[in-house]
Amino acid sequence: MLGKCSAAWNSRLKLYAQEGRFFQALQLYCQMQLSGVPPDGFTFPFAIKSCAALQLPKTGEQLHSCVIRIGCGAELFVRTALIAMYARFSRIRDAREVFDEMPRRQNLVSWNALIAGYNLNKQPLEALVLFRQMHVLGIEFNSITMLGLVPACARLQDLETGRCLHGINIKNGADLDESVANCFITMYARCGDMHDARRLFDALPEKNIITWNALISGYSQNGHADDVLRLYREMEKVGAEADAVSLVCILSACASLGAQSIGRGIHEHVIQKGFQFNVFLMNAFINMYARCGNLELALKLFDEMPQKNIVSWTAIINGYGMHGLGDMAVDLFDRMIASGIQADSIAFVSVLSACSHAGLVDKAWDYLKCMKKNHGLEPRLEHYACMVDVLGRAGQINEARNLIDAMPMKPDGAVWGALLGACKIHRNVEIAEIAAANVFQLEPTNVGYYVLLSNIYAGLRNYEGMATVRCMMRERGLRKPPGCSYIELQQRVHIFLAGDRSHPQAEAIYKMLDRLEELLKEAGYVADMSEALYDDKDSEYEMLAVHSERLAIAFGLMNSEPGTRVLVIKNLRVCIDCHTAIKFMSKVVEREIVVRDATRFHHFRN
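Below you will find a few notes about this structure. Bear in mind that the values here come from a model prediction, so they are computed numbers and not experimental data. (Residues numbered from 1 in each chain as written. Predicted model: local features only at pLDDT ≥ 70, side-chain atom pairs only at ≥ 80, totals over all residues. Heavy atoms only, no water.)

### Observations concerning the overall build of the protein chain
And then number 1: Broken down by element type, the protein chain carries 32 helices and five strands.
And then number 2: In terms of overall dimensions, the protein chain has a C-alpha envelope of 100 × 55 × 50 Å along the principal axes.
And then number 3: Out of the 606 residues in the protein chain, the part that is buried amounts to 50%.
And then number 4: Within the protein chain, counting contacts between residues at least 6 apart in sequence, those at least 24 apart form 63% of the total.
And then number 5: When the accessible surface of the protein chain is split by element, carbon and sulfur atoms take 52% of a total near 29000 Å².
And then number 6: If you average the places of the 64 positive and of the 66 negative side-chain charges in the protein chain, the two averages end up 4 Å apart. (Helix = DSSP H or I, 4+ residues; strand = E, 2+ residues; numbered from the N terminus. Buried < 20%, exposed > 50% of the residue type's maximum accessible area, 1.4 Å probe, protein only. Contact = heavy atoms within 4.5 Å. Areas by Shrake-Rupley, 256 points an atom, 1.4 Å probe, with all protein chains shown as cover. Lys, Arg positive; Asp, Glu negative; His and termini not counted. Charge placed at Lys NZ, Arg CZ, Asp CG, Glu CD.)

### Let's talk about the state of the cysteines
And then number 1: Scanning the entire structure with this criterion turns up zero disulfides.
And then number 2: As a non-bridged cysteine, cysteine 72 has cysteine 66 as the owner of its nearest cysteine sulfur, 8.1 Å distant.
And then number 3: Unpaired in terms of disulfides, cysteine 254 finds its nearest cysteine sulfur in cysteine 292, a separation of 6.9 Å.
And then number 4: Residue classification places cysteine 254 among the buried positions, given a relative accessible area of 0%. (Disulfide = S-S within 2.5 Å.)

### Regarding helix 8 (residues 124-136)
And then number 1: Between the first and last C-alpha of helix 8 there are 19 Å, a value that for 13 residues agrees with the 18 Å anticipated at 1.5 Å per step.
And then number 2: Burial in helix 8 covers these residues: Pro124, Ala127, Leu128, Leu130, Phe131 and Met134. All buried residues of helix 8 lie within an arc of 160° about the axis, which places them on one face of the element. More than 90 degrees from the buried face of helix 8, the exposed residues found are Leu125, Arg132 and Val136. (Expected span 1.5 Å × (residues − 1). Arc of directions from axis to C-beta.)

### Let's talk about the packing of aromatic side chains
The relative placement of two aromatic rings is captured by the distance of their centres and the angle of their planes.
And then number 1: Counted by the stated rule, this structure contains eleven aromatic pairs.
And then number 2: Arranged with centres 6.1 Å apart and planes meeting at 70°, the rings of phenylalanine 131 and phenylalanine 141 form a pair that is edge-to-face. Of this pair, phenylalanine 131 sits in helix 8 while phenylalanine 141 sits in the loop between helix 8 and helix 9 (143-156), placing them ten residues apart in sequence. The exposure classification of phenylalanine 131 matches that of phenylalanine 141, with both residues buried.
And then number 3: The rings of Phe333, Phe348 and Tyr367 are connected pair by pair, giving a single aromatic cluster.
And then number 4: Geometry around phenylalanine 201 places lysine 207 over its ring, the cationic atom sitting 5.0 Å from the centre.
And then number 5: Against the face of tyrosine 510 rests arginine 501, its NZ or CZ located 3.8 Å from the ring centre. (Phe/Tyr/Trp six-rings, centres within 6.5 Å; stacked < 30°, edge-to-face > 60°. Lys NZ or Arg CZ within 6 Å of the ring centre and 35° of its normal.)

### Re unusual backbone geometry
And then number 1: One non-glycine residue, arginine 427, lies in the positive phi region at around 55°.
And then number 2: Its location among the elements puts arginine 427 in the loop between helix 25 (413-426) and helix 26 (429-442).
And then number 3: Notably, glutamine 490 is not glycine yet its phi reads approximately 50°, a positive angle.
And then number 4: Within the secondary structure, glutamine 490 sits in the loop between strand 1 (484-489) and strand 2 (492-497).
And then number 5: For glutamine 490, a relative accessible area of 76% puts it in the exposed group.

### Observations concerning the side chain of aspartate 193
And then number 1: The residue aspartate 193 is located in the loop between helix 11 (178-190) and helix 12 (194-203) in this model.
And then number 2: At 3.1 Å, the side chain of aspartate 193 forms a polar contact with the backbone nitrogen of aspartate 196. (Polar contact = N/O pair within 3.5 Å; in protein donor to acceptor, adjacent residues only side chain to side chain.)

Below is the structure:
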């Protein structure tokens, strides 16, 4: 067919490999040998590449043996292909051995292959060390080198080295490469430096979808949900078309901020584009609707999915758990198991959390015990933290403490924090102090735990204990994060801080709060000062009255139709007084008010 000339066979082999037809490429290689045409240095790189792509290590070893037997081992591209192949097989030592045996190592291609191999095998430090050796030998790098190195800095969270690489790129002119620029944006984002990520993004004259996704993902991973939505609006203005990767991050931001109408708009766009069968997008929509309080629509989407994976089930289970509907969450989990879906560790965290919110102690014990027995999963720290929370919320503080003592691994801050939270609910200061001592040692900069202990002391009017906690916070340079609440109106998210007067409608909002205060008192509301942090009751009461969720609710009541539901998202736990006040608000204004705080939904109706 192709005659006895190896050039014709090599040309066809190259074509197959470049088109991703790797199986046909290996078949052609076998036919070449059967036809008596000897392979050469131009044959092996494409055969080896095909072998690596198909993950055939035994065949790869046979090809390597053939290379040695025929005497092509010194060929640069053959050796480079072998380095890349062994790296793909997770045999990085063999890749390094092939590299070290090279008689001349002045060619950049081989260095790039090994750097990429180290990065692929999650050995970022070795990749950077190799680059250092390359630099000492005076070998110039190119954009391919950077594509292997920059992710190594991201994996190590090594911002300083990443900046150095960016600097030498600018000096070398390689930063003009679009792929390298995208890589640096991702590196800055993963190292938490969104300022430099955004600055680099803005400096790029041309932006493709990968560039947009790098910055969107960065904002999402760093918890900047409002910036994600701002960037999405920028995309729309310049006519950039979001893909499934962008939309998953944008929907996550909508879920975080309770921006359901923006999410609905995206849902309509997805249906128009025919993306509604993308399982990753559908999972993101289920999560978004559930976290925006629309469980009915979340369940409808879930039921309509032709194929459901573990993420789909976990999203809907978690949604019901957050709404306090533990029985339904448990029923969904059992249905998932019955359908043949294998539960993973994350699914068990979701169902255990649901048991916690609904007080299903016995069911939670059953799940914890069956993890290893029925599913081959060892309970991890997060599962024990959930179980401690289940027991603690149910008032079984001593049982929770005994479970911590019996754990097969050392408890972490989340486990002790769950016990501390339970002690607050049940005012058990003795065990609270034990839990706090442990959690302060494990997570000395986590402000939330100090506030929790202070609130326990406040509830017991233990001002000396409160003063001690405040002193500890001052010594460690810690401050309580400001309460922040979000409410969406006409596809725009409005943000409020405690005591905030920066909103354009601030004057009207405070008048509405004053009017609500009068109506609440007439309805029998009495301020609950059990979490007051200071003994100055007047100033403390004034601060409680302007907590961020109250400002957001007042704004929502002013700007929405009578009878419609008001949904507010808060970054911290709702305090006891606000919980009581919102109950009365719902009654006097005859509106349903839903508040999602850091742990769950609170539904207020009359």
